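Each chain, letter by letter, is given below.
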Amino acid sequence: MGRIADAFENARKEDRAALVIYLCAGDPDLDTTAELVVAAAEAGADVIELGVPFSDPTADGPTIQRAAERSLRGGTTLSKVLDTVRVIRGRTDVPILLFGYYNPILSYGEQKLVDDAADSGADGFLVVDLPPEESAGLRGPAVERGLDFVPLVAPTSNPERIAQAAEAATSFIYYVSMTGVTGSKAVDLASASERAGTLQRELARPVAIGFGVKTKDDVATVAPHVDGVVVGSAVVSAIEDATSPEAAVGSVRELVSELAQGLSRQ
Amino acid sequence: MRYVLRLMQPPEPASGRYGPYGGRYVAETLMPALDELTQAYQESQRDAAFQAELDTLLHQYAGRETPTYFASRLSAEIGSRIWLKREDLCHTGAHKVNNTLGQILLAKRMGKTRIIAETGAGQHGVATATACALMGLPCEVFMGAEDIRRQAPNVRRMELLGAQVHSVTSGSSTLKDAMNEALRDWVTNVRTTHYCVGSVAGPHPYPVIVRDFQAVIGQEARAQMLEQAGRLPDAVVACVGGGSNAMGIFAGFIDDESVRLIGVEAAGDGIETGHHAAPLCAGSVGVLHGAKSYVLQSPDGQIVEAHSISAGLDYPGVGPEHAWLKDTGRATYGSVTDDAALDAFQQLCRTEGIIPALETSHAFAYLPTIAAELGPDADILVCLSGRGDKDLETVIEKLGERG
């Protein structure tokens, strides 16, 4: 079992959901990203989704769009993100899921990326615009190197597509809570969690729910139903609002420990 | 469509591939909607009543068929016989309406209650707003802030037609960013909304649907050339941004091996400056807006901004079928600069009394290159994809800068 599956398993043993925290690599800069990952892990993040910025993030709302723009202006590339993963690996074992869009991956080369990602200590991939139909070129080599491939299921996915996602999953399935982009408001998390919980039972695989989860209360709403909960835009906002990189690390540490308080199922 | 069967496997319903190009690189949320659209489109193709309704609209509402016209004074200056397929005479002033009438009819058939679209020059936005007004559906158009500035008359037109125009300020504030924003809206409202894509770009089935709705251009033009010129043209020329007018006219001639198909991209300030919109001529293979094709990108796979005087060509990607036509050699692609397009714009005004769109002017600017090769006995058919009233402000400003 890989580090990601282990993290979900450990959380389950503690009778809580696993906390997955999204950070956009290179926002505000890559050195700070390493500090943010370490701080988030220390504060209770079980898995880090490390966003690889893309110029045209069509699944992201304004908050993560702005983070990607800041990061790209600072010169972040996929190759530099992998260097940062290497730095992080010297300091923490928290599982790192590379999260992003397909074009930078295609440009880097799928096989080369899998090799370099494995060597850097990354644990897997989640590619927003790579549905199962198009994913063989990345998923095949990834699985061969023991890296995870995390598929998405949306509220619009029909049973055939859900089965396809379950087939493609190697650790957990990412359930998108609503039709929309990241960071949207007014999500009915309670009913989304119930649907995701049903899915998790049916598929007998860990499901993490993301999109629109922002607060400790949101986490507490989700935690009883599924094995994982993803918080992204709220973390990115905390970084955006911070007055310095040091302050950003402090804010994220504080936010993650607060979110972690909502994970328990007891 | 026959060439599709001969040169390659027909686009797979599930993946929509043209060789290695095309496909569906979109968020999972949209995948079922693309399946639904594919199925609805295929059913509509077999439905005689649907086809009859579309034909009637194209004829009685949009003004088809459009003429093919022999441009004698332009021919004298260019040095080959030049024929113009007059899509500028379509209702709304460009070929875009061929596609929007088809797609909005399809959306109604699918029970969608809201329409969104992206637009660059505003021609597709106007054509979508027009079809929505005609069929009584609410319409929202995403348009880059930069394009809103340079295509102000089209913004007013869309508003008069009852559409809501959203100014997009992310990225380069042009067509690419408008399409990003339209995709974000679609992913949010996918259950009720049809996304009316304006070019042969985007995820499958859009490149197929838009090509098929635009194929009427080439089908008419082929029959008109046979009747009026007594022969097929030696070359068919069209400008290429996303590539819908080019695919539309190419579709009529793709099985005629003697007919050269030539697409003209926007070279902006010049290919060598890096400020251009010519992914087929100077880009590389990538994935943008749901399809694999040629794109303009950095060495790290970030999409870079396109540059063109023409808002409708100012796009860093191109339809996947063009990528395949390029690789197979069935079509060839050249490029012309902003300056050359401006010269051609004035030339057509002066010689034929026709004010072409700046997009279209790129096709005209390439004619001397083709004529030099084919000579005075060649017949060259140009897709005059749109009229240029919308561009007057830009043209006057640029000509003023030249002094």
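On a predicted model such as this, the values are computed, not experimentally measured, just so you know. (Residues numbered from 1 in each chain as written. Chains lettered and ligands numbered in written order. Predicted model: local features only at pLDDT ≥ 70, side-chain atom pairs only at ≥ 80, totals over all residues. Heavy atoms only, no water.)

Peer 1: When you look at the overall build of chain B in this model, what are you seeing that I'm missing?
Peer 2: Each helix and strand in chain B was counted, giving 17 helices and 15 strands. Its C-alpha atoms give chain B a radius of gyration of 19 Å, near enough to 22 Å, the size a compact globule of 403 residues would have. Taken along its principal axes, the extent of the C-alpha atoms in chain B is 55 × 45 × 45 Å. Look at the contacts in chain B between residues 6 or more apart in sequence, and 74% of them connect residues 24 or more apart. The average position of the 34 basic charges and that of the 48 acidic charges among the side chains of chain B differ by 3 Å. (Helix = DSSP H or I, 4+ residues; strand = E, 2+ residues; numbered from the N terminus. Rg over C-alpha atoms; globule rule 2.2 N^0.38 Å. Contact = heavy atoms within 4.5 Å. Lys, Arg positive; Asp, Glu negative; His and termini not counted. Charge placed at Lys NZ, Arg CZ, Asp CG, Glu CD.)

Peer 1: Can you walk me through the packing of helix H11 (residues 233–241) of chain A against helix H12 (residues 245–260) of chain A in this structure?
Peer 2: Working note: a packed helix pair is described by the angle between its axes plus the distance between those axes. All names here are of chain A. Axis separation between H11 and H12 bottoms out at 8 Å; the angle between their running directions is 150°. For the element pair H11 / H12, the angle class is roughly antiparallel. Crossing hand, H11 versus H12: right-handed. Contacts from Ala 234, Val 235, Ala 238 and Ile 239 of H11 reach H12 at Ala 248, Ser 251, Val 252 and Leu 255. Across the contact of H11 with H12, the residue classes break down as 7 nonpolar, 1 polar and no charged. (Axes fitted to C-alpha atoms, helices over the stretch in contact; angles between N-to-C directions. Parallel < 35°, antiparallel > 145°, perpendicular 65-115°, else oblique. Left-handed = near helix turned anticlockwise from the far one by under 90°. Nonpolar A, V, L, I, M, F, W, Y, C, P; charged D, E, K, R; others polar.)

Peer 1: Mind showing me how you'd approach the packing of aromatic side chains here?
Peer 2: Aromatic ring pairs: the centre-centre distance and the angle between the two ring planes describe each pair. Within this structure, the stated rule accounts for 12 aromatic pairs over all chains. Relative to A:Phe172, the ring of A:Phe8 lies with its centre 4.7 Å away and its plane at 25°, an arrangement referred to as stacked. You can see A:Phe8 sitting in helix H1 (residues 3–13) and its partner A:Phe172 sitting in the loop between helix H8 (159–168) and strand E7 (173–176), a full 164 residues away along the chain. Accessibility expressed as a relative area gives 2% for A:Phe8, which makes it buried. Taking relative accessible area as the criterion, A:Phe172 reaches 0% and is therefore assigned buried. Members of the aromatic cluster, each reached through a chain of ring pairs, are A:Tyr22, A:Phe99, A:Tyr174 and A:Phe211. Residue placement shows B:Lys326 over the ring face of B:Tyr294; its charged tip is 5.4 Å from the ring centre. (Phe/Tyr/Trp six-rings, centres within 6.5 Å; stacked < 30°, edge-to-face > 60°. Buried < 20%, exposed > 50% of the residue type's maximum accessible area, 1.4 Å probe, protein only. Lys NZ or Arg CZ within 6 Å of the ring centre and 35° of its normal.)

Peer 1: Any chance you could explain the sheet that holds strand E7 (residues 164–168) of chain B here in plain terms?
Peer 2: Residues and elements named next belong to chain B. Pairing is parallel across the open sheet formed by 4 strands, whose spatial order is E7-E6-E5-E8. In the strand order of this sheet, the two ends are held by E7 and strand E8 (193–195), each with one partner. For this sheet the average axis-to-axis angle between neighbouring strands, irrespective of direction, equals 25°. Two strands pair when backbone bridges link them, and strand E5 (residues 114–119) and E8 are joined in this way by 3 bridges, in the parallel orientation. Looking at the pairing, Ile 116 lines up with Tyr 195 of E8. (Pairing = 2+ DSSP bridges.)

Peer 1: Whenever I open this one, the sheet that holds strand E1 (residues 18–24) of chain A confuses me. Can you help?
Peer 2: Backbone-to-backbone hydrogen bonds pair the strands of a sheet. The strands run either parallel or antiparallel. Residues and elements named next belong to chain A. With parallel pairing, 9 strands are arranged side by side in an open sheet as E5-E4-E3-E2-E1-E9-E8-E7-E6. Across the chains shown, the open sheet's two edge strands, defined by having one partner strand only, are strand E5 (148–149) and strand E6 (152–153). The strands touched by helix H2 (residues 30–43) within the sheet are E1 and strand E2 (47–51), with E2 carrying the most contacts at an inclination of about 160°.

Peer 1: I'm lost on the interface of chain A and chain B in this one. Help?
Peer 2: You'll often see interface size given as the accessible area lost when the parts meet. Each partner contributes residues to the interface: chain A has 33 residues there, and chain B has 33 residues. Counting the surface lost from both chain A and chain B, the interface buries some 2,700 Å², and carbon and sulfur atoms represent 50% of this. Taken together, chain A and chain B are joined by 3 salt bridges. Of the charged contacts, one joins B:Glu28 and A:Arg161 as a salt bridge, the two residues approaching to 2.8 Å between their closest N and O atoms. Among the secondary structure elements, those contributing two or more residues to the side of chain A that touches chain B are helix H3 (62–73), helix H5 (102–108) and E6 of chain A. The element contributing the most residues to the side of chain A that touches chain B is H5(A), with 5 residues. Looking at the side of chain A that touches chain B residue by residue, the class counts come to 16 nonpolar, 10 polar and 7 charged. (Buried area = accessible area lost by both parts, 1.4 Å probe. Salt bridge = Lys/Arg side-chain N within 4 Å of Asp/Glu carboxyl O.)

Peer 1: Looking at this structure, I do not really get the pairing of E2(A). What am I missing?
Peer 2: Every regular strand shows the same layout, with side chains that alternate between the two sheet faces. Residue and element names in this part refer to chain A. Where burial is concerned, most of E2 is hidden: 5 out of the 5 residues are buried. Covered by surrounding structure in E2 are Val 47, Glu 49 and Gly 51 together with Ile 48 and Leu 50, the residues of both alternating faces. Across 5 bridges, the pairing between E1 and E2 is parallel. Residue Ile 21 lies in a different strand from E2, and its bridge partner there is Ile 48. Taken together, E1, H2 and E2 constitute a β-α-β crossover, and its handedness is right-handed. As paired strands, E2 and strand E3 (residues 96–100) are joined by 4 bridges and run parallel to one another. Bridge pairing links Leu 50 to Leu 98 in E3. (Right-handed = clockwise from strand over helix to strand, strands pointing away.)

Peer 1: Which parts of the structure should I look at to understand the side chain of B:Ser244?
Peer 2: As for its placement among the helices and strands, B:Ser244 is situated in helix H11 (residues 244–251). Excluding its chain neighbours within four sequence positions, the residues that come into contact with B:Ser244 are B:His95, B:Lys96, B:Gly198, B:Ser199, B:Val200, B:Val210 and B:Gln214.

Peer 1: Even after reading the chapter, I still don't get the confidence of the model for chain B, so can you show me in this structure?
Peer 2: Detailed reading of the predicted coordinates is not advisable wherever pLDDT falls low. Considering every residue of chain B, the mean pLDDT works out to 94; 96% of them sit at 70 or more. Overall, residues 1–14 of chain B carries pLDDT values under 50, and its contacts beyond four positions in sequence, including any with other chains, amount to 32 contacts. (pLDDT = per-residue confidence, 0-100.)

Peer 1: Quick question: what am I supposed to make of the pattern of salt bridges here?
Peer 2: Two side chains carrying opposite charge are able to pair once their charged atoms lie near each other. The full count for this structure, using the stated rule, is 48 salt bridges over all chains. Close ionic contact of B:Arg17 with A:Glu134 constitutes a salt bridge, the shortest N to O distance being 2.3 Å. With B:Arg17 in strand E1 (residues 17–18) and A:Glu134 in the loop between strand E4 (124–127) and helix H7 (136–144), this residue pair bridges two chains. Each of A:Glu9, A:Arg12, A:Asp227 and A:Arg265 takes part in salt bridges that share partners, so that together they form one network.

Peer 1: Please clarify how unusual backbone geometry should be interpreted in this entry.
Peer 2: Among all residues except glycine, the phi angle is most often negative; among peptide bonds, the trans geometry is most common. Of the consecutive residues A:Asp27 and A:Pro28, the connecting peptide bond is found in the cis state with omega at 5°. Mapping A:Pro28 onto the fold places it in the loop between E1 and H2. Backbone torsion omega between B:Arg64 and B:Glu65 reads 5°, so that peptide bond is classified as cis. Mapped onto the fold, B:Glu65 is located in the loop between helix H3 (48–61) and strand E3 (68–70).

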